[in-house]
Amino acid sequence: MRVAFVSAGLEHLGVEALSAYLRAHGHETSLVYEPRPFSAGSGTDARFLARLLEPSVEDTAARVVASKPDVVAFTSYSVTQRWSVEVARAIKRSRRVPIVFGGPHVGAAPDRAVREESIDAVVEGEGEGALLDLVECAAPGGFGRRDIPNVTMRGKLVPSRNPPRPLVQNIDELPFADKSIFYDEAPGLEREYYVVSRRGCPFRCSFCEYSTFPKQYPGEKPVRRRSVDHLMRELAPWMARGRMKKIFFWDAIFTLDNRWMAEFAERYRTEIGIPFECYTHPHAMNREMASLLARAGCGMVRVGVQTVNSDTLSQVDRRGDEGRVRSTLRQLADHGIPYSVDHIVGLPGEGPADQRAALRFYDEVRPSRIVTHWMTYFPGTTALDHAREQGVLTDDDVEKILEGDVGPGYMYDGNARYREYDELKQLVAVFDLLPLLPRGAVEWLLSSGLYRKLPASAPLRQLAVLALAIKGEPATRERVRHIFATVVAGVGDGVRARLSRRGTATIPASA
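Residues numbered from 1 in each chain as written. Predicted model: local features only at pLDDT ≥ 70, side-chain atom pairs only at ≥ 80, totals over all residues. Heavy atoms only, no water.

Engineer: How do you make sense of the pairing of strand β3 (residues 71-75) when you look at a structure like this?
Structural biologist: Walk down a regular strand and you will see the side chains alternate between the two sheet faces. Of all five residues in β3, five are buried; the element is thus mostly enclosed. Here β3 shows two buried faces, one formed by V71, A73 and T75 and the other by V72 and F74. Pairing of strand β1 (residues 2-8) with β3, which is carried by four bridges, proceeds in the parallel orientation. Residue V6 lies in a different strand from β3, and its bridge partner there is F74. As judged from the four bridges shared by β3 and strand β4 (residues 99-102), these two strands associate in the parallel manner. (Buried < 20%, exposed > 50% of the residue type's maximum accessible area, 1.4 Å probe, protein only. Helix = DSSP H or I, 4+ residues; strand = E, 2+ residues; numbered from the N terminus. Pairing = 2+ DSSP bridges.)

Laid out in structure tokens, this is it:
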């Protein structure tokens, strides 16, 4: 069977895992990848450029239909859900082919998602076994089974939602990710290699998709990790190609096990030896872990701080306090490891005073970068349920979120009603600028109130990141290069689509 994956935005590890699994079971896979650098909420959005340079929905659907698939598979995030549905509708207008959706947006509310007539099935949770079962029962008019675990099928009257299957416990048994499915489409992506060393997360922060894990998988082991040997065997062939400049471990928390990390540090240092970036949590860091990260050659750790207000942390079911954050950052600094911090603006109960306090804290510890996100309510999180109960979101607001209307992406804005919204946006500008400013300048901006004069705009945020890269912060510089590769690929796809429609030229896909 031929399966066409459709994906937008950044490289998607889930698509790579599913493609590898299907190929291992004898099926053909292809990818229609639209970088959509100006409309996918990835940090470079610009409406005018999106209209001018990105392919239309019809262009994308035509590429899918041209591949003559037996099944079309979408992996959808909230920021791409509306686009994905529009493409699916356009495909259905041209070809009778079964369409399956997966990903965190639809997986969180499959009964709701499968109401869309262009979607024949929705996969929730881990998708390898479910998608394989769907592919093997596919027919031109739809899927031939309605009893597949992890799958909700569209019905004439009501959806048919099946129970989940057990999680894959030994993930070493899974094939290595099919990276070529993205690299063939956008070779520049290989410069920063995306990979995960484990599945799951031990924490249940209310704003995260893992918040409902106990309800989805009662009694299941939440964290399953690959062996170091399995991980090295994936990385080694790609390292030998000589194109990778950095590796990004997308584990929600990379620093979970000192013993695993000790083996990883030795083998990574000797067998791979290029800088890598990873995430940590203040409750998953200690001095030994920092030492092992340094030994392995870690070039950047992103610390999930989110807020230094202990009361707020408890409200969002997140462990931590300012003291724990301080010790984590001190341990990283003592071992010479650059770090950035992830910070959320607009958490329930927080206002400008909380952000000013956070800025003073960050001005004291001086992270290499502050990655500021807006509190955004996503389907399937306990935060969404709490917000509806507490009146932060109305029923209409929740309905829009389930439809995929979550704003321009959490990098730029949230999807709730924030008190003193304009001032919060101006404070976000200070977060972006802080690593570029001399010590004391932030206090001057805050105490004088001059931060209220800063333009609160997305271009300023983008310029601040570019300035950090120019300044010489290595991880940010590599990230800018990676995003630039995505932008170039997206612009190229858009130009090729426009020229193809006009019939004036044919540009090979590798141009």
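Engineer: When you look at the environment of P338 in this model, what are you seeing that I'm missing?
Structural biologist: With respect to the helices and strands, the residue P338 is situated in the loop between α14 (322-334) and β16 (339-345). Residue contacts for P338: discarding those within four places in its chain leaves G299, M300, V301 and S368. (Contact = heavy atoms within 4.5 Å.)

Engineer: Quick question: what am I supposed to make of the pairing of β4 here?
Structural biologist: Residues I99 and F101 line one face of β4 and the alternating positions V100 and G102 line the opposite face, and both faces are buried. With helix α4 (residues 81-94) bridging β3 and the parallel β4, this β-α-β connection has right-handed handedness. As paired strands, β4 and strand β5 (residues 121-123) are joined by two bridges and run parallel to one another. In the strand pairing of β5, F101 is matched with V122. (Right-handed = clockwise from strand over helix to strand, strands pointing away.)

Engineer: Help me out: how do you make sense of the environment of I181 in this one?
Structural biologist: With respect to the element layout, I181 can be found in helix α8 (residues 180-183). With relative accessibility at 6%, the residue I181 sits in the buried group. Separated by 148 residues in the primary sequence, I181 and Y33 place their C-alpha atoms 9.2 Å from one another. The contacts of I181, once residues within four sequence positions are left out, are F5, E16, S19, T29, S30 and L31.

Engineer: How do you make sense of the sheet that holds β3 when you look at a structure like this?
Structural biologist: In sheet architecture, strand pairing relies on hydrogen bonds along the backbone and comes in two forms, parallel and antiparallel. Strand order across the open sheet formed by seven strands is β2-β1-β3-β4-β5-β8-β9, with mixed pairing between neighbours. In this open sheet, the two edge strands, each paired with only one partner strand, are β2 (28-34) and β9 (160-161). Relative to β2, helix α3 (residues 57-66) is tilted by about 170°, and along the sheet it contacts β1, β2 and β3. Together, β1, β2, β3 and β4 form the strand contacts of α4, whose direction differs from that of β4 by roughly 170°. (Axes fitted to C-alpha atoms, helices over the stretch in contact; angles between N-to-C directions.)

Engineer: Where do I start with the state of the cysteines in this structure?
Structural biologist: One way to say it: the disulfide is the covalent bond shared by the sulfur atoms of two cysteines. Tallying each qualifying case throughout the model produces zero disulfides. There is no disulfide at C298, and the cysteine sulfur nearest it, in C278, is 4.3 Å away. (Disulfide = S-S within 2.5 Å.)

Engineer: Looking at this structure, I do not really get the sheet that holds strand β13 (residues 246-249). What am I missing?
Structural biologist: On the basis of which strands lie adjacent, the open sheet formed by six strands has the order β10-β13-β14-β15-β16-β17 and parallel pairing. In the strand order of this sheet, the two ends are held by β10 (192-195) and β17 (369-374), each with one partner. In this sheet, adjacent strand axes meet at a mean angle of 20° when their direction is disregarded. In terms of strand pairing, strand β14 (residues 276-280) meets strand β15 (residues 298-306) through five bridges, oriented parallel.

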